[in-house]
Amino acid sequence: MLRPKGNHNRLPLTLLLAGILVACFGLVAIYDASVIDAFRTFGDKFHYVKQQAVWICIGVVAALVTSSFPTAFLKKYAHIFYGATLFLVVIVLIPGIGSKYLGARRWIDIGITVIQPSELLKIGLVIYLAKWLETERTLKQFLAFIGLNIVLVMLEPDLGTSIIIIGTSFMMYYLSGAKIKDIATFCAVLLLAISALILVSPYRVNRLKTFLDPTTDPLGSSYHINQILYGLGSGGLNGVGLGKSRQKYAYLPEATTDSIFVIIAEEFGFIGSSLLIAVLVGLLLSSFKVAMNVNDKFDKLLASSISLLFLIQIFVNLSSMVALVPLTGVPLPFISYGGSSLVTNFIALGLLINIAKHT
């Protein structure tokens, strides 16, 4: 049976349009969440929106560029892409180069903007891993390689990005054909590592205590999660209405970034936030559909890793917003404010479109 002409282009186009649509909705949410803070801090209520709009345009261009690269080119120069992002992660730790904010050194100020190297590392790492795991690797080799990246990211420190990298890398190792015995060993090592990272940091111990009992210290360590729950609860079924959020009036920390879903749920209610989640699920299903229909191992691993990047970030962000997991500072893809995260997501989407075009 003959296929209708152009039928093979529908999925790539759908992926791109879905990414743009979600990012544009995020623009509305960012304006709504930031209008008070932007006017108070910069004297311009559109400050955050204008910056995010520029990043959306850059992200779309980046997606179009990465969707045009032959995957053979990506595979050939995977070590260069990874090496460049790893270099940025190293130099961000150098005082005078990396910018420190709230005790973390995660950003590099390049004058016209600020970039977060750990976000770019996600893409460089999955491209290189897709090539590296084409050849069978022992568990020791895998742990040593991933451990190097995690150590550098945790020196910033950035636990949220570390969790994303660990989860994605683990699933890639499994999909590459790892043995069940190695997977079980990896899980045991991972559990010990996470426990150690929590116990050596009083800040993370307090986060864990807050997660276990949000009523402890409501004006201190559990303030953030309590404000999240207030926002979600006040939204009800239909929401309080667009622009009528109370949590955006400096009550909710990180309202434009990690906690932006709370503002959406408060104003659009359970129905509106469920529709947003449905769109994100649709994007994820389309992403995994690309990975399932690929035969080449490099392309399959790369498409799977990008789909997993989206899945884990969405899951961790939304789960932390409803107190299913402790707060970890992971942005909501395509929606949260932040240029590095947004452009990285569009680059990943472009790579996925690239693979889909040749499926």
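None of the values given here were measured: they were computed from a predicted structure. (Residues numbered from 1 in each chain as written. Predicted model: local features only at pLDDT ≥ 70, side-chain atom pairs only at ≥ 80, totals over all residues. Heavy atoms only, no water.)

1. Some thoughts on the packing of aromatic side chains
Aromatic rings in a pair are described by how distant their centres are and how their planes are angled relative to each other. Summed over the entire model, instances satisfying the criterion amount to 16 aromatic pairs. Each ring, one from Tyr 48 and one from Tyr 337, has its centre 5.1 Å from the other, and the planes form 90°; the classification is edge-to-face. Within this pair, whereas Tyr 48 is found in helix α2 (residues 47-66), its partner Tyr 337 is found in the loop between α12 (297-321) and α13 (339-357), the two being separated by 289 residues in sequence. Considering the side-chain rings of Phe 310 and Phe 334, the 5.6 Å spacing of their centres and the 55° angle between planes classify their relative orientation as tilted. With Phe 310 in helix α12 and Phe 334 in the loop between α12 and α13, this residue pair connects regions lying 24 residues apart in the sequence. You can call Phe 310 buried: its relative accessible area is 1%. Clustering of aromatic rings is evident, with ring pairs tying together Phe 69, Phe 73, Tyr 77 and Phe 81. (Phe/Tyr/Trp six-rings, centres within 6.5 Å; stacked < 30°, edge-to-face > 60°. Helix = DSSP H or I, 4+ residues; strand = E, 2+ residues; numbered from the N terminus. Buried < 20%, exposed > 50% of the residue type's maximum accessible area, 1.4 Å probe, protein only.)

2. Section: the packing of helix α1 (residues 10-42) against α13
The interhelical angle for the contact between α1 and α13, taken along N-to-C directions, is 165°, at an axis separation of 8 Å. As the angle between them shows, α1 and α13 are arranged roughly antiparallel. Classified by chirality, the crossing of α13 by α1 is right-handed. Residues Pro 12, Leu 15, Leu 16, Gly 19, Ile 20 and Ala 23 of α1 pack against Leu 342, Phe 346, Leu 349, Leu 352, Ile 353, Ala 356 and Lys 357 of α13. Among the residues making up the contact of α1 with α13, the classes are represented as 11 nonpolar, 1 polar and 1 charged. (Axes fitted to C-alpha atoms, helices over the stretch in contact; angles between N-to-C directions. Parallel < 35°, antiparallel > 145°, perpendicular 65-115°, else oblique. Left-handed = near helix turned anticlockwise from the far one by under 90°. Contact = heavy atoms within 4.5 Å. Nonpolar A, V, L, I, M, F, W, Y, C, P; charged D, E, K, R; others polar.)

3. What to know about the sheet that holds strand β1 (residues 98-101)
Read from one edge of the open sheet, 3 strands run β1-β2-β3, paired in antiparallel fashion. Of all the strands in the sheet, the pair left with one neighbour each is β1 and β3 (114-115). In terms of strand pairing, β1 meets strand β2 (residues 104-109) through 4 bridges, oriented antiparallel. Opposite Tyr 101, over in β2, you have Ala 104 as the bridge partner. (Pairing = 2+ DSSP bridges.)

Shape is all these values report; function is a separate question.
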